[in-house]
Amino acid sequence: MSDLDLIPAGRTFSPEEITVFADSGTRTLEQAIADADVLISCPHAGARIPEELLPYLSPALTRRLQYDFTDVSTDAIVRTWAASDPRVVAVLNPHPRLVRDPNRARPEDIAADLTTALERTRAAGAWQKVDLTGVDAIRPVTFSFFPILDVPDDETERERLVQTFVEVGERGLGVYEQTRDALTERFVAAKLRTGGRFTRLSFHDTMNTTTTREGAVNVARAEQDRLPAVVALSNRGDTRGDERDPADPPTMDPERARALADAHRAGFRVERPDAVALNTPYLGSQEIIAAGRRFRELADAAEEAALTLDAVQAEFLREYLLGDAAVEALHRPGTDWITEDPEHVRAVAAACKRSWDIFRAL
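Parameters at a glance
Numbering of residues starts from 1 in each chain and follows the order in which that chain's sequence is written. Given that the model is predicted, a residue must reach a pLDDT of at least 70 before its local features are reported, and side-chain atom pairs must reach 80 or more before they are shown or counted; all residues, however, enter totals for whole chains, interfaces and linings. Side-chain descriptors were evaluated using all non-hydrogen atoms of the structure, hydrogens and water having been removed beforehand. For cavity detection a 1 Å grid was placed over the protein atoms alone, and a set of points counts as a cavity when a 1.4 Å probe fits there but cannot get out; an open set counts as a pocket when protein lies on both sides within 12 Å along at least five of seven lines, with lining residues being those that have an atom within 4 Å of a point. Grid points are joined across faces, edges and corners, and a volume is the space filled by probe spheres set on the points. A helix here means a DSSP run of H or I that spans at least four residues, while a strand means a run of E at least two residues long, and both kinds are numbered starting from the N terminus. By the convention adopted, Pro, Cys, Tyr, Trp, Phe, Met, Ile, Leu, Val and Ala count as nonpolar, Lys, Arg, Asp and Glu as charged, and the other residues, Gly among them, as polar. Axes here mean lines fitted to C-alpha atoms, for a helix over just the part in contact, with angles spanning 0 to 180 degrees between N-to-C directions. If an angle is under 35 degrees, it is roughly parallel; if it is over 145, roughly antiparallel; if it lies from 65 to 115, roughly perpendicular; otherwise it is oblique. Take the far helix as the reference: if the near one is turned anticlockwise from it by less than a right angle, the crossing is left-handed, and if turned clockwise, right-handed. Any two residues whose heavy atoms approach within 4.5 Å are treated as being in contact. Planes of paired rings set the category: under 30 degrees apart is stacked, over 60 is edge-to-face and the rest tilted, where pairs are Phe, Tyr or Trp rings (Trp by its six-membered ring) whose centres lie within 6.5 Å. Each residue is assigned to one of three classes by its accessible area relative to the maximum for its type, calculated with a 1.4 Å probe on protein chains only: buried under 20%, partly exposed between the two thresholds, exposed over 50%. A positively charged side chain is recorded as over a ring if its NZ (Lys) or CZ (Arg) lies within 6 Å of the ring centre. The angle to the ring normal must also be within 35 degrees.

As annotated in an unreviewed UniProt entry, the protein is N-formylglutamate amidohydrolase from Microbacterium oxydans.

Rendered as C-alpha cells:
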C-alpha cells in the first residue's frame, strides 16, 4: 500500500480550506454570496485517505482502486470553475466516501451503522455483492465489491476501528457537512433580502465501467446504470423532469430543469440531444433531497421575496470529464492513477460556466 495517497494523521480541515470562489484574495465570502446564485457541493470529490485509517485498509488496496472509488475528476473541474466564475461558490468534501458518504442521510448512530456494514461485508466475502440497505452511508467496499477494509477478527480491534472512523470523519467530512449547510443558510438569508435565484447544485461523476481484480476499469455497468454521454441532471422527477411521485416532489421546477438540460446541450456543444438526460439513470440523492425539503419550507417567504429556489444533481460521465487519453490508460490493468490534463480540465470547467450562463439568460 506504499503508493496510496494519504492525509497526514491529525489533519483537521477548516471551512475556508474547502470553500472556493472567484477572486478570493480581493473579495470576502459575504461578497461572493451576494454576487453568486449557485452553491456547488461536491460530496465525493475527496480521494486522499486519512492516515489514521491505514492500519485497517486491505493490503491489496491500490491507488487506482482508491481513486476510482471517488468522484475524483469533480475536484479539479469544480475548483477551476469556481475560481473563474463570480456567480458560483463551491464547497468540496476533502474525505473519500470510504470514511462516510455525505450524499446519504447522516446516520443517527454512525458507529452502529458502520458496525453493521462491516459485519455484512465480512459475511459476504471478498469481491461478493454486499447488501448495504439501511446502512449505505457506510461504504466498506468499492463499486466492484472489493473490500477496502481488512476487518479485524478481534472484537476489541473492531470497536477501535469503528471509533477511529467516527473520530476522523469529523475532521474533514463533518466540516464539509457543516460548511455546506451553513453556506446554504447564508445564501438563503441573503437572497430573501434581494430576490432573484438560488440553486443548490450537487456535482458528481460516475464511470460507465468498474474495475477488474487486475485494476483495469473496463467492466461495463448494466445498461440501466449507464450515464449519458455528458451528464444526467436530476430533480427527483421523471425523464422530462416532471413529478414522478407526489410523495417525492421535484427539487427543481420541471420547466427550469428542462431549460437547464437545454443549456447544457448548448454549453457543452453536444451533437446528440440524449448526451444530456434528466433523471437517467439517477434521480438525485440526499443533498438535493434535503435542499428541496428546506426550500419547500421556505416557499411562502421565497414567493414574497420573488426568490426562485432550486436543487439539482449533476452526474457527469467520468469518461467525458477525464478525456480519451486518460480513459484509454485506465482501461488497461494497473495500480496507478492518471495525471489529469490541465487543458482538458479548463475546457470542461469553461463549458460548465457557459451552460449556467446560458441557463440564466433563458
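Following the structure, the description resumes.
### Description of the layout of surface pockets
Of the pockets and cavities examined, the largest pocket occupies roughly 890 Å³. For the largest pocket, the lining is made up of 33 residues, of which Arg104, Arg139, Phe143, Arg221 and Tyr282 are closest to its centre. Listing elements by their share of the lining of the largest pocket, those giving two or more residues are strand E6 (196–206) and strand E11 (307–317). Counting residues per element, the lining of the largest pocket draws most heavily on E6, at three residues. The residue inventory of the lining of the largest pocket, partitioned by class, reads ten nonpolar, eleven polar and twelve charged. The computed volume of the second largest pocket comes to approximately 260 Å³. At six residues, the largest contribution of residues to the lining of the second largest pocket is made by helix H8 (residues 286–297). For the lining of the second largest pocket, the class distribution of residues is four nonpolar, two polar and ten charged.

### Description of the packing of helix H7 (residues 254–267) against helix H12 (residues 342–361)
Close contact between H7 and H12 brings their axes to 8 Å; oriented N to C, the two are set at 135°. With respect to their mutual orientation, H7 and H12 come out oblique. Judged by the twist between their axes, the crossing of H7 over H12 is right-handed. Note on element contacts: H12 touches H7 through Ala351, Arg354, Ser355, Trp356, Ile358 and Phe359, opposite Arg256, Ala259, Leu260, Ala263, His264, Ala266 and Gly267. Grouping the constituent residues of the contact of H7 with H12 by class yields eight nonpolar, three polar and two charged.

### Details of the packing of helix H4 (residues 110–124) against helix H5 (residues 155–169)
Between H4 and H5, the least distance of the axes is 10 Å, while the angle of their chain directions is 130°. By the angle between their directions, the pair H4 and H5 is classed as oblique. Remark: the crossing between H4 and H5 carries right-handed chirality. Only Arg158, Leu161, Val162, Phe165 and Val166 of H5 make contact with H4, whose side of the interface consists of Ile110, Ala111, Leu114, Thr115, Leu118 and Arg122. Residues of the contact of H4 with H5, tallied by class, amount to eight nonpolar, one polar and two charged.

### Some remarks on the packing of aromatic side chains
Counted under the stated rule, the structure contains nine aromatic pairs. Ring centres of Phe187 and Phe198 lie 4.7 Å apart, and the angle between their planes is 5°; this geometry places the pair in the stacked category. With a gap of eleven residues between them, Phe187 in helix H6 (residues 173–194) and Phe198 in strand E6 connect regions that are remote in the sequence. One exposure class covers both Phe187 and Phe198, and it is buried. Taken together through their ring pairs, the aromatic side chains of Trp81, Phe203, Phe268, Phe316 and Tyr320 make up a single cluster. The side chain of Arg197 reaches across the aromatic face of Phe359, ending 4.7 Å from its centre. Residue placement shows Arg221 over the ring face of Phe143; its charged tip is 5.2 Å from the ring centre.

### A closer look at the environment of Asp253
Positionally, Asp253 belongs in the loop between strand E9 (231–234) and H7. It is 32 Å that separates the C-alpha atoms of Asp253 and Arg27, two residues lying 226 residues apart in sequence.

### Notes on the environment of Leu39
Relative to the elements of secondary structure, Leu39 occurs in strand E3 (residues 38–42). On the basis of relative accessibility, which here comes to 0%, the residue Leu39 falls in the buried class. For the pair Leu39 and Val89, spaced 50 residues apart in sequence, the C-alpha to C-alpha distance is 5.0 Å. The residues contacting Leu39, other than those within four sequence positions of it, are Val89, Val91, Arg180, Leu183, Thr184, Phe187, Phe198, Thr199, Arg200 and Leu201.

### Section: unusual backbone geometry
With omega at 5°, the peptide bond leading from Thr280 into Pro281 counts as cis. Structurally, the position occupied by Pro281 is in the loop between strand E10 (276–278) and H8. Phi angles above zero are rare outside glycine, and Arg269 is one such case at about 55°. Summarising the element assignment, Arg269 is placed in the loop between H7 and E10. In this structure, Ala306 is a non-glycine residue whose phi angle is positive, near 55°. One can find Ala306 in the loop between helix H9 (299–304) and E11.

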